[in-house]
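# Structure assessment
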Amino acid sequence: MTATVSETKQEQKIDLAKLEDVLFHYRGFRGALIPVLQKAQHAYGYLPRPVIERIGESLKLHVSDIYGVITFYSQFRLKPQGKYVIRVCRGTACHVKGSQTIAEKISEKLGIELGETTVDLNFTAEEVACVGACGMAPVMTINEETYGLMTVGKATEAIDGYLEKAGSNLHKE
Ligand code: FES
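Residues numbered from 1 in each chain as written. Predicted model: local features only at pLDDT ≥ 70, side-chain atom pairs only at ≥ 80, totals over all residues. Heavy atoms only, no water.

### A closer look at the overall build of the protein chain
Note the threshold: Counting from the N terminus, the helices are the DSSP runs of H or I reaching at least four residues and the strands are the DSSP runs of E reaching at least two. With a 1.4 Å probe rolled over the protein chains alone, any residue whose accessible area is under 20% of its type maximum counts as buried; one over 50% counts as exposed, and the rest are partly exposed.
For the protein chain, the helix and strand inventory stands at 8 helices and 4 strands. Secondary structure elements in the protein chain, listed N-terminal to C-terminal, are α-α-α-α-α-β-α-α-β-β-β-α. By principal-axis analysis of the C-alpha atoms, the protein chain measures approximately 55 × 35 × 25 Å. Within the span of the protein chain, comprising 173 residues, buried residues form 39% of the whole.

Dropping the structure here:
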């Protein structure tokens, strides 16, 4: 398996300067936490610990309370996301049509478990609940693109295309 992004690596070189504008804009606003977290995530791609600590300091909130909010809402991420996010649907219709084998192929091709990001930050693999395209089960998505009636062969082909695009040296065999 390829190494995934470590905590230490994630938190290197976090430039807090770009957070200051956001904090300034929302100063004194009640209920500013969610929009501040959204803007911060937009700026950094995820919510690193130093950013959360600075938000807590500015909004006078405990870091543990902020983590509580972040983990409650699925829109927030505590780890960086890859440039290409590959999602395999694990809803019932897709499960029945063999999404497990697609999920296994994705993991194998990228050298990571679902829920992880490759160390080159090119790919994140995730499983998701029904994406609303059950008629095309099993379904996989790569960023905004939806791939239906997937087979292991089609998944391999699609991922190979993105590996090529990313110039990635991950598992191409
Ligand atoms: S269960 Fe996969 S799209 Fe609905």
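So that's the structure; there's more coming.
### Points about the domain arrangement of the protein chain
The following threshold applies: What marks off one domain from the next here is an automatic or database domain assignment.
You can read the domains of the protein chain as domain 1 (7–72) and domain 2 (84–166). Placing a centre on the C-alpha atoms of domain 1 and another on those of domain 2 gives a separation of 30 Å.

### Description of the environment of Gly82
Turning to its location among the elements, Gly82 is positioned in the loop between helix H5 (63–72) and strand E1 (84–89). Here the alpha-carbon distance between Gly82 and Arg54, two residues 28 residues apart in the chain, equals 24 Å.

### Some details on the layout of surface pockets
So the rule is basically this: Put simply, the grid is 1 Å and covers the protein atoms alone, a cavity is a trapped set of points that fit a 1.4 Å probe, a pocket is an open set with protein on both sides within 12 Å along at least five of seven lines, and lining residues have an atom within 4 Å of a point. Grid points are joined across faces, edges and corners, and a volume is the space filled by probe spheres set on the points. Basically, the charged four are Asp, Glu, Lys and Arg, the nonpolar ten are Ala, Val, Leu, Ile, Met, Phe, Trp, Tyr, Cys and Pro, and anything else, Gly included, counts as polar.
Taken as a whole, the largest pocket spans an internal volume of roughly 280 Å³. Residue lining of the largest pocket: 14 residues in total, with Phe76, Arg77, Gln81, Gly115 and Glu126 positioned closest to the centre. In terms of residue count, strand E2 (residues 123–128) provides more of the lining of the largest pocket than any other element does, 3 residues in total. Of the residues contributing to the lining of the largest pocket, the split by class is 3 nonpolar, 6 polar and 5 charged.

### Comments concerning the packing of aromatic side chains
Working definition: an aromatic ring pair is given by the centre-to-centre distance plus the angle between the planes. In plain terms, the rule: Each pair of aromatic rings taken from Phe, Tyr and Trp, with Trp reduced to its six-membered ring, is defined by centres within 6.5 Å and is described as stacked if the planes are under 30 degrees apart, edge-to-face if over 60, and tilted in the remaining cases. The rule is short: NZ of Lys or CZ of Arg within 6 Å of the ring centre and within 35 degrees of the ring normal puts a charge over the ring.
Applying the stated criterion across every chain, the model contains 5 aromatic pairs. For the pair Tyr26 and Phe29, a centre-to-centre distance of 5.6 Å together with 70° between the ring planes defines the contact as edge-to-face. When the centroid spacing of 6.3 Å and the interplanar angle of 90° are considered together, the rings of Tyr73 and Phe76 count as edge-to-face. The structure contains a cluster of three or more aromatic residues connected by ring pairs, namely Phe72, Tyr73 and Phe76. A cation sits over an aromatic face here: Arg27 above Phe24, 4.0 Å from the ring centre.

### Regarding the sheet that holds E2
Heads up, the rule is: DSSP-based pairing: two strands are paired if at least 2 bridges between them are found. To get an axis, fit a line to the C-alpha atoms, keeping to the stretch in contact for a helix; angles then go from 0 to 180 degrees between the N-to-C directions.
With mixed pairing, 4 strands are arranged side by side in an open sheet as E2-E1-E3-E4. Sheet topology places E2 and strand E4 (145–147) at the edges, where each strand pairs with a single neighbour. The mean inter-strand angle of the sheet, taken between neighbouring strand axes irrespective of direction, is 20°. Here E1 pairs with E2 via 6 bridges, running parallel. From the neighbouring strand, Cys89 faces E2, where its bridge partner is Val128.

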